[in-house]
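Secondary and tertiary structure notes
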Amino acid sequence: MESIKVNLGERSYPIYFGSSILKDFGKTYNNFFKSKKVIVVTNPTVGSLYFNEIHDSLIKEGFEVNRIDVPDGEEYKTLTWASKLFDKLIALKADRETPLIALGGGVIGDLTGFVAATYLRGVPFVQVPTTLLAQVDSSVGGKTGVNHRRGKNLIGAFYQPRFVYIDVDTLKTLDKREMKAGLAEVIKYGVIRDPKLFKYLEDNVNILTKNSKIKSQNSALLYIVKRSCAIKASVVEADERETGIRAILNFGHTFGHAVEAVTKYKEYKHGEAVAVGMVYASELSHRTGVCNKSVVERVRNVIKKAGLPTTGPDFPRKSFLKAMEIDKKVVGGELRFVLVEKIGSVRIEKVDIRTLTH
């Protein structure tokens, strides 16, 4: 097992990586917590696959393990379900030293993190991400939240986990669509910070999208997960609460969130919407003279190679603009777009939303 550290002073924490390491989770957990009560938040699908391994490893270390299930799907990342979790925590007599373990993908991680940040004004939590999207992105950095009917992640808090525990073997049970959706965020890291990673994806993305247990895929997964987390950690360390440079992590997300909103979060997975958003953001970069056409083509081609969509739904432009207007990144009527200069380098530009209609 390997690890890197997210350095945030007293809120610093390690990210552990490995293959077939879930069975040892309890030993690692035991180094962080004294409270014997543990509450695992998961969904029925992930729980059926991985809860027993987590449960048994914790029981061996003398912990009392409780489980709370949330239905599977983005539509359950809401205040309603946060409230249900509060009710269950109260019923279980969880106190300020009772850790929550988020076992699942981005929905479970975001929702559990938000509940941890707000229950009793803050209880500790741990991220155990089981999807590629969660492993490379949402489990790291401390963004927690729930969706509102008017927009994604409009209600939330910055709240860091005590540690993140990533077993890439959990990716072997992902369906192909989920795997491809996660690759969108990896592509993003290549565009914004790492031309070497981007080139690696151009050359090896086919290996990563196969349902296979071959060693080459396993080493490829470990490489892209570790590299993505290292990039995100470095950005978060420089700007924990997104007042500046951290906004580059939103490359493709402004358009992507609009795609999700106009389709009511039912047609596109988050990574698929981000893939479309990255193409749109690259095209905007070219139209505004920030990058040349070859950059747009490379971004579009690697997204296409990954089996992800490069065009969005056929909705009136006004629908997209309306979705963007309530985006978290709008300040004073201006929207901050992350524009790509070249592969590995981006910049943030303020754009009047009205100019997007021209």
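Quick note: structure is the one above.
One structure accompanies this document, and this report is about it. (Residues numbered from 1 in each chain as written. Predicted model: local features only at pLDDT ≥ 70, side-chain atom pairs only at ≥ 80, totals over all residues. Heavy atoms only, no water.)

Some words on the overall build of the chain
Within the chain, the regular secondary structure consists of 12 helices and 12 strands. Here the C-alpha atoms of the chain give a radius of gyration of 20 Å, agreeing with the 21 Å that 2.2 N^0.38 yields for 358 residues. Here the C-alpha coordinates of the chain stretch approximately 60 × 45 × 35 Å along the principal axes. Considering the chain as a whole, with its 358 residues, one finds that 57% of them fall into the buried category. By sequence separation, contacts in the chain at least 24 residues apart represent 75% of the contacts at least 6 residues apart. Total accessible area computed for the chain in this model is approximately 15,400 Å², and 49% of it derives from carbon and sulfur atoms. A distance of 1 Å separates the average location of the 55 positive side-chain charges in the chain from that of its 40 negative side-chain charges. (Helix = DSSP H or I, 4+ residues; strand = E, 2+ residues; numbered from the N terminus. Rg over C-alpha atoms; globule rule 2.2 N^0.38 Å. Buried < 20%, exposed > 50% of the residue type's maximum accessible area, 1.4 Å probe, protein only. Contact = heavy atoms within 4.5 Å. Areas by Shrake-Rupley, 256 points an atom, 1.4 Å probe, with all protein chains shown as cover. Lys, Arg positive; Asp, Glu negative; His and termini not counted. Charge placed at Lys NZ, Arg CZ, Asp CG, Glu CD.)

Quick look at the pairing of strand β6 (residues 125–129)
Counting buried positions over the 5 residues of β6 gives 5, a clear majority of the element. Alternating positions in β6 separate into two faces, Phe125, Gln127 and Pro129 on one and Val126 and Val128 on the other, with burial throughout. Alignment of strand β5 (residues 100–104) against β6, held across 5 bridges, turns out to be parallel. Paired with Ile101 across the two strands is Val126, which belongs to β6. Running through helix α4 (residues 106–118), the crossover from β5 to the neighbouring parallel element β6 is right-handed. (Pairing = 2+ DSSP bridges. Right-handed = clockwise from strand over helix to strand, strands pointing away.)

A look at unusual backbone geometry
The phi angle of most residues is negative, glycine excepted, and most peptide bonds adopt the trans form. We note that Lys93 has phi near 60 degrees; this positive angle belongs to a residue other than glycine. Following the sequence through the fold, Lys93 ends up in the loop between α3 (79–91) and β5. A positive phi angle, close to 55 degrees, is found at Leu120, a residue other than glycine. Within the secondary structure, Leu120 sits in the loop between α4 and β6. According to the relative accessible area criterion, Leu120 is partly exposed, its value standing at 36%.

Points about the packing of aromatic side chains
For any pair of aromatic rings, the description rests on two quantities: the centre-to-centre distance and the angle between the ring planes. Following the criterion strictly, the structure yields 16 aromatic pairs and no others. On the numbers, 4.5 Å between centres and 35 degrees between planes, the contact of Phe32 with Phe163 is tilted. Placement of the pair is Phe32 in the loop between α1 (25–30) and β3 (37–42) and Phe163 in the loop between β8 (151–158) and β9 (164–167), with a sequence separation of 131 residues. Aromatic rings pair up to connect Tyr16, Phe25, Tyr29, Phe32, Phe33, Phe63, Phe163 and Tyr165 into one cluster. The ring of Phe63 has Lys36 sitting right over it, with the charged end atom 4.7 Å from the ring centre. Lys84 extends its terminal NZ or CZ atom over the ring of Trp81, reaching a point 4.3 Å from the ring centre. (Phe/Tyr/Trp six-rings, centres within 6.5 Å; stacked < 30°, edge-to-face > 60°. Lys NZ or Arg CZ within 6 Å of the ring centre and 35° of its normal.)

Some thoughts on the layout of surface pockets
If a probe the size of a water molecule is rolled over the atoms, the empty space left behind becomes visible. Here the second largest pocket is characterised by a volume of approximately 460 Å³. Residue lining of the second largest pocket: 18 residues in total, with Arg149, Arg150, Ala261, Lys264 and Tyr265 positioned closest to the centre. Elements supplying a minimum of two residues to the lining of the second largest pocket: β7 (143–148), α9 (253–262) and α12 (317–325). Broken down by element, the lining of the second largest pocket gets its largest block of residues, 3 residues, from α12. For the lining of the second largest pocket, the class distribution of residues is 6 nonpolar, 5 polar and 7 charged. (1 Å grid on protein atoms, 1.4 Å probe; cavity = no way out; pocket = protein on both sides within 12 Å on 5 of 7 lines; lining within 4 Å. Points joined across faces, edges and corners; volume = space filled by probe spheres on them. Nonpolar A, V, L, I, M, F, W, Y, C, P; charged D, E, K, R; others polar.)

A short note on the packing of helix α10 (residues 270–287) against helix α11 (residues 293–305)
Where α10 meets α11, the axes come as close as 9 Å, and the angle between the chain directions of the two elements is 170 degrees. When the axis of α10 is compared with that of α11, the two are roughly antiparallel. Every residue of α11 that contacts α10 at Ala275, Met278, Val279, Ser282, Glu283 and His286 is listed here: Lys293, Val296, Val299, Arg300 and Ile303. (Axes fitted to C-alpha atoms, helices over the stretch in contact; angles between N-to-C directions. Parallel < 35°, antiparallel > 145°, perpendicular 65-115°, else oblique.)

Remarks on the nonpolar core
The biggest cluster of nonpolar side chains holds 72 residues, and the ones touching the most others in it are Ile15, Leu132, Ile187, Ile224, Val225 and Ile303. Among the elements that take part in this core, helix α8 (residues 215–238) stands out by supplying 10 residues, more than any other. Those residues in contact with Ile224 that lie beyond four places of it in its chain are Leu132, Val136, Leu183, Val186, Leu197, Tyr200, Leu201 and Leu208. The next biggest cluster of nonpolar side chains, apart from the first, holds 21 residues, and it includes Tyr29, Leu58, Ile101 and Phe163. (Core = buried A, V, L, I, M, F, W, Y, C linked by side-chain atoms within 4.5 Å.)

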